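Observations on chain architecture
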Amino acid sequence: MPTIKTAVDVATSAEIVWRVLTDFPSYPKWNPFLVSVQGNPSPGARLKIQARFPNAGAFKFSARIVKAIPATELRWRRRRLLEGVFDREQAFFIIPNGIKGVRFIHREHFSGLLAALIMPFISGKTTKAFSLMNLALKRTAEAKH
């Protein structure tokens, strides 16, 4: 299963990172990748998301929260028109990192018949977008410390 994974160390508590990550109405103020998320960060909730890759236009998609463990993990899944063709699961992990704070991991798994064919076209810009979001989350969370 193809995967994109990025990480950043954040010098604050898991609770603060979780608050920033799940405060969807604040995303337009700080998040350069997920510029709008509507919905609740609870299992089963439907999200409407607007994303923007660097130097590209915005695009919209919907997703369903599959896991939400406060201060630990948030996951959502989205599918294209047909399940099993090109499915994606995006996950955010907040892992204690000693007395320094936490490590924030941003990961997306791709599956389905077209995943291996599509990956070469999206992996570079997706990795860059994830890294930009991670750094913005770090700045935002550390400012609340």
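This brings us to the overall build of the protein chain. Of regular secondary structure, the protein chain possesses 3 helices and 7 strands. Start at the N end of the protein chain and walk to the C end: the helices and strands fall as β-α-α-β-β-β-β-β-β-α. Against the compact-globule benchmark of 15 Å for 145 residues, the protein chain has a radius of gyration of 15 Å, which places it among compact chains. With the principal axes as the frame, the protein chain shows a C-alpha extent of 45 × 30 × 30 Å. Out of the 145 residues in the protein chain, the part that is buried amounts to 45%. Long-range contacts, defined here as pairs at least 24 residues apart, represent 51% of the contacts in the protein chain between residues at least 6 apart. On the protein chain, roughly 7700 Å² of surface is accessible, and the fraction owed to carbon and sulfur atoms is 56%.

Where burial is concerned, most of helix H1 (residues 14-22) is hidden: 7 out of the 9 residues are buried. By the burial criterion, the buried members of H1 are Ala14, Ile16, Val17, Trp18, Val20, Leu21 and Thr22.

Residues Leu21, Leu34, Leu74, Trp76 and Phe104 are the most contacted members of the largest nonpolar core, which totals 42 residues. Among the elements that line this core, the one with the most residues is helix H3 (residues 115-143), at 9 residues. Discounting residues that sit within four places of it in the chain, leucine 34 has contacts with Tyr27, Ile49, Gln50, Ala51, Trp76, Phe92 and Met133.

Looking now at the pattern of salt bridges. By the definition in use, this model includes 7 salt bridges. Note that aspartate 9 and arginine 103 form a salt bridge whose closest N and O atoms lie 2.8 Å from each other. With aspartate 9 in strand E1 (residues 3-10) and arginine 103 in strand E7 (residues 102-111), this residue pair connects regions lying 94 residues apart in the sequence. Taking the shortest distance from any N to any O, the salt bridge between lysine 138 and glutamate 142 comes out at 2.9 Å. Taken together, the residues span about one helical turn, with lysine 138 and glutamate 142 both in helix H3 at a distance of 4 residues. Taking the relative accessible area as the measure of exposure, glutamate 142 reaches 27% and is therefore partly exposed.

So, how was this worked out
Residues numbered from 1 in each chain as written. Predicted model: local features only at pLDDT ≥ 70, side-chain atom pairs only at ≥ 80, totals over all residues. Heavy atoms only, no water. Helix = DSSP H or I, 4+ residues; strand = E, 2+ residues; numbered from the N terminus. Rg over C-alpha atoms; globule rule 2.2 N^0.38 Å. Buried < 20%, exposed > 50% of the residue type's maximum accessible area, 1.4 Å probe, protein only. Contact = heavy atoms within 4.5 Å. Areas by Shrake-Rupley, 256 points an atom, 1.4 Å probe, with all protein chains shown as cover. Core = buried A, V, L, I, M, F, W, Y, C linked by side-chain atoms within 4.5 Å. Salt bridge = Lys/Arg side-chain N within 4 Å of Asp/Glu carboxyl O.

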